[in-house]
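A closer look at the structure
One letter stands for each residue in the lines below.
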Amino acid sequence: MLAAGRTRLWNLRQSYTSSFRTSSAAYSSINPRIDLDPALRNLLRDVDMSLGGKKKHGNPSVTHKRELEEYPELLQDNVASTVSISSELSTPEVDDWDHQDSVSRKSPAALFGSYGIGSVILPLELQNSINLIISETEKRQLHNDAERLFRERTDEGDAEDGWDAEFNTRYRTKAQARHHAERDGSAFASVALPAHFSAITAVLDHVKRRLEPEWHVERIIDWGAGTGSGLWSGAYTFQEANAEGPPETVDLVLSNTTVRQYTGIDKREGLVTVGKRLLRDIDHGPMKVSWQKSFRESDTIPRSQGHNTIALSAFMLSSLSTDIARKALIKEMWSSGAHVMVIIDHSTKKGFASICEARDYFLRVGRKELKYPDTESWDIRGSHVVAPCPHDGQCPLYFPGDVKLVCGFSQRLQRPSFVRLTKHSGQGHEDMEYSYIVVRRGPRPSDPKTKFGRVGRIGLAATAKKLEAQIPVKELQLHSESDPAQSEEQLVIESAEEDRTIEVPSTPAALDAALRLEAYNWPRLVFPPLKKSGHIILDGCTPEGKIMRMTVPKSQGKQPFYDARKSDWGDIFPHEPKNPPQERVQVARVHGKEIPVRGGDIGKRGRKDKAKGVSYESLAVDIKSARKHKRQDEIHSKEKTSSKDD
């Protein structure tokens, strides 16, 4: 019975198949294929493809994507020619330099004067090297050494959480120093090296932007090299040009640097040993690295060959114990033959005083060279300050022996994981405060007396709105009644163009070159700006060698007010204030007493001191003192009662 049913079902399926074959054959014979023109066939194919992606479905949210299909060669040529013709007709060639979308809201001059580079991130290459050294040390001992060296300072350089990056530990005996040398080097690399790297990178990046684009660094001589923070910062800052653009900070590699020779000078064997270990498994390309304990005469470079050489000293001057040692280091930097000398130190009174002493020496020796007739045959003579000072005169904040205010700046570092673990801190960033000076050989560039790049997108929008308001509103009129003479709208636009006194250079390179010369005479903001609702207060060091307070109100214009509001500590500000600036003078002292003078609030920002956290040690001291006073009160009370009984 079951077998018979299966046989009947099979016969029925065969009959359906044969009937379908005959019907399809008949259909092909009735409607033969028509030979169409190739152009019409291509058109129908395009229409079929365009309609194929718009089929209706039961669920409107479901969409079917068309698969890519290859066009025939003839059709590809037709489409390519059509696209090229339509692009030429519909999208005219537009220069990115004149395009409004490419214009920043800040003016080009304010962008050039911006000092900050954002939060510094340690490149992965350096992070891996430090992690390798930390993996070879005992973690508890590393944390204890870091606390012993870099925490609970009593000087002015305390960080918010009690940590700083100042290393000036001295031991009683040489044997004790050798015992702690390698441990101190590991702690230095895990705590101080990232902070020093961020500050040196900020300074070198600013120098790179301030000097001409043809200037590149091929040699670095580093006094107080330590673990090589100047090596890593210099190599990552000065990289070979890449056609794809500058890479991300994390992806920088040491082998792509323009530096060909690095000479590290340091007598601290523990730090130098760790610095060599950091480079152990790193490919530094054509750069030759050498370490030595002192500067030799053979390391001196002729002045004619020192154009691409930097003499660097970072966080070393203030750690030297005597004035003689500091002066010797400064003289060695000048006699090295390098054209650019960079000195960085901690933002403390001692560090700032060391920076000012070096600045005075470099400028004094440069002025002597210009006076002596024997130096007329030299390739380059004199010296001038590149940053941060806009002048070569005496520093208005420096008074030998009585330093109250510090010309310092701050750079934020994004803490790597090993820094957070070593410090036992969950904070993801830290701010490194520092003072610096950059001096270059040669006379100071003269003031070009130009004012380029003072208008950004904010200024352009304000100007366009002003011109639009000046155009008179006219009644409708027929085309035949229009005056063949020039329209009033065109006259307003042309008159505005005639009144324009600032002519922007035609190319970005020319604008940068003009701003580079102007920047030597822009005031430097040495204190954080005071940003009010209707005006911005800026305290800056001016080309006259004075600390001046500049006020930029809203009435000065939208562009200057916007640039002032977006300015930051350390920037050079290009706009002149609407009202005459006021000179700020430090409070004078006579016989230990302060004499109030006008403008004595220089540098004060009305910040309230943050309440320090309560520690167990302070609580124990308070409890002991309270018990002591209580015992004394009890003794006095007993003595009084006994005297009354007698």
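Residues numbered from 1 in each chain as written. Predicted model: local features only at pLDDT ≥ 70, side-chain atom pairs only at ≥ 80, totals over all residues. Heavy atoms only, no water.

In the annotation of an unreviewed UniProt entry, the protein chain is listed under the name 3-methyl-2-oxobutanoate hydroxymethyltransferase and assigned to Favolaschia claudopus. The heading Subcellular location (unreviewed entry) in the UniProt record of the protein chain holds the text "Mitochondrion". (UniProt positions renumbered as here; feature names shortened; annotations may be inferred.)

Right, let's talk about the overall build of the protein chain for a bit. Looking only at helices and strands, the protein chain features 17 helices and 15 strands. Burial analysis of the protein chain (646 residues in total) assigns 39% to the buried set. A sequence separation of at least 24 residues applies to 76% of the contacts in the protein chain between residues at least 6 apart. Split by element, the accessible area of the protein chain, about 39300 Å² in all, is 53% carbon and sulfur. (Helix = DSSP H or I, 4+ residues; strand = E, 2+ residues; numbered from the N terminus. Buried < 20%, exposed > 50% of the residue type's maximum accessible area, 1.4 Å probe, protein only. Contact = heavy atoms within 4.5 Å. Areas by Shrake-Rupley, 256 points an atom, 1.4 Å probe, with all protein chains shown as cover.)

Applying the stated criterion across every chain, the model contains four cavities of 30 Å³ or more. The computed volume of the largest cavity comes to approximately 140 Å³. Taken together, 17 residues form the lining of the largest cavity, with F352, P388, C389, C395 and C407 sitting closest to its centre. Among the elements of the structure, α11 (349–371) and β8 (429–441) are those that each provide at least two residues to the lining of the largest cavity. (1 Å grid on protein atoms, 1.4 Å probe; cavity = no way out; pocket = protein on both sides within 12 Å on 5 of 7 lines; lining within 4 Å. Points joined across faces, edges and corners; volume = space filled by probe spheres on them.)

Taken as a whole and assessed by the stated rule, the structure comprises 15 aromatic pairs. Judged by centre distance (5.7 Å) and plane angle (85 degrees), the rings of W215 and F238 are edge-to-face. With a gap of 23 residues between them, W215 in the loop between α7 (174–210) and β1 (219–223) and F238 in the loop between α8 (229–237) and β2 (261–265) connect regions that are remote in the sequence. You'll find W215 and F238 in the same group, each marked buried. The structure contains a cluster of three or more aromatic residues connected by ring pairs, namely Y115, F409, Y434 and Y436. (Phe/Tyr/Trp six-rings, centres within 6.5 Å; stacked < 30°, edge-to-face > 60°.)

This part takes up helix α6 (residues 139–150). Helix length check: α6, at twelve residues, gives a terminal C-alpha distance of 16 Å against a target of 16 Å (1.5 Å per residue), a fit within 8%. All buried positions along α6 are accounted for by L142, H143, D145, A146, L149 and F150. Taken down its axis, α6 places every buried residue within 165 degrees of arc, on the same side. Where the residues of α6 are buried, they touch α5 (124–135), α7 and α12 (417–423). N-cap assignment for α6: the residue whose side-chain oxygen lies 3.2 Å from the backbone N of R140 is E138. (Expected span 1.5 Å × (residues − 1). Arc of directions from axis to C-beta. Polar contact = N/O pair within 3.5 Å; in protein donor to acceptor, adjacent residues only side chain to side chain.)

Among the surface-exposed residues, K327, K331, R364, R367, K368 and K371 lie close enough to one another that they form a single positively charged patch. By residue number, the principal contributor to the positive patch is α11, which donates four residues. Along the chain, K371 falls in helix α11. (Patch = residues over 30% accessible without salt bridge, like charges linked within 9 Å, V, L, I, M, F, W, Y side chains within 5 Å. Salt bridge = Lys/Arg side-chain N within 4 Å of Asp/Glu carboxyl O. Lys, Arg positive; Asp, Glu negative; His and termini not counted. Charge placed at Lys NZ, Arg CZ, Asp CG, Glu CD.)

Our next topic: a nonpolar patch on the surface. There is a patch of nonpolar side chains on the surface, built from L36, L40, L43 and L44 and spanning about 340 Å² of accessible area. Following the sequence through the fold, L40 ends up in helix α2 (residues 38–52). Since its relative accessible area comes to 39%, L40 is described here as partly exposed.

For the rest of this paragraph, the subject is unusual backbone geometry. The omega torsion of the bond from A387 to P388 falls at 0 degrees, within 30 degrees of zero and hence cis. If you trace the backbone, P388 turns up in the loop between β6 (383–387) and β7 (409–414). The residue F315 is not glycine, and still its phi comes out positive at about 55 degrees. Within the fold, F315 resides in the loop between β4 (309–314) and α10 (323–335). Its identity as a non-glycine residue notwithstanding, K449 has a phi of 60 degrees, on the positive side. Among the secondary structure elements, K449 is positioned in the loop between β8 and α13 (457–470). The exposure class of K449 is exposed, given its relative accessible area of 69%.

Regarding helix α15 (residues 508–518), the residues found buried are L511, A514, L515, R516 and E518. On the buried face of α15, the contacting elements are α4 (108–113) and α7.

Further remarks concern the pairing of β8. Look at any regular strand and the pattern is simple: side chains alternate between the two faces of the sheet. Counted residue by residue, β8 has ten buried out of 13 residues, so it is predominantly covered. Bridge analysis of β6 against β8 gives four bridges, and the strand direction is antiparallel. Along β8, the bridge assignment pairs A387 with V438. Relative to β8, β7 is paired through six bridges, and the arrangement is antiparallel. Counterpart to Q414 in the pairing with β8 is H429. (Pairing = 2+ DSSP bridges.)

Attention now goes to the nonpolar core. With 81 residues, the main nonpolar core has F150, V203, W232, I310, I344, Y434 and Y436 as its most contacted residues. In terms of residue count, α7 provides more of this core than any other element does, 14 residues in total. Sequence-distant contacts of W232, defined by excluding residues within four places in its chain, comprise E125, L126, S129, F197, T227, L254, L278, L279 and I282. Counting residues in each nonpolar core, the second largest holds 26 residues, with A338, I355, V385 and C389 among its members. (Core = buried A, V, L, I, M, F, W, Y, C linked by side-chain atoms within 4.5 Å.)

Turning next to the environment of G570. Mapped onto the secondary structure, G570 falls in the loop between α16 (558–565) and β13 (582–584). Exposure remark for G570: the relative accessible area of 1% places this residue in the buried category. A C-alpha to C-alpha distance of 9.1 Å links G570 and G113, two positions 457 residues apart in sequence. With sequence-adjacent residues up to four places away left out, G570 is seen in contact with Y115, F409, R524 and L525.

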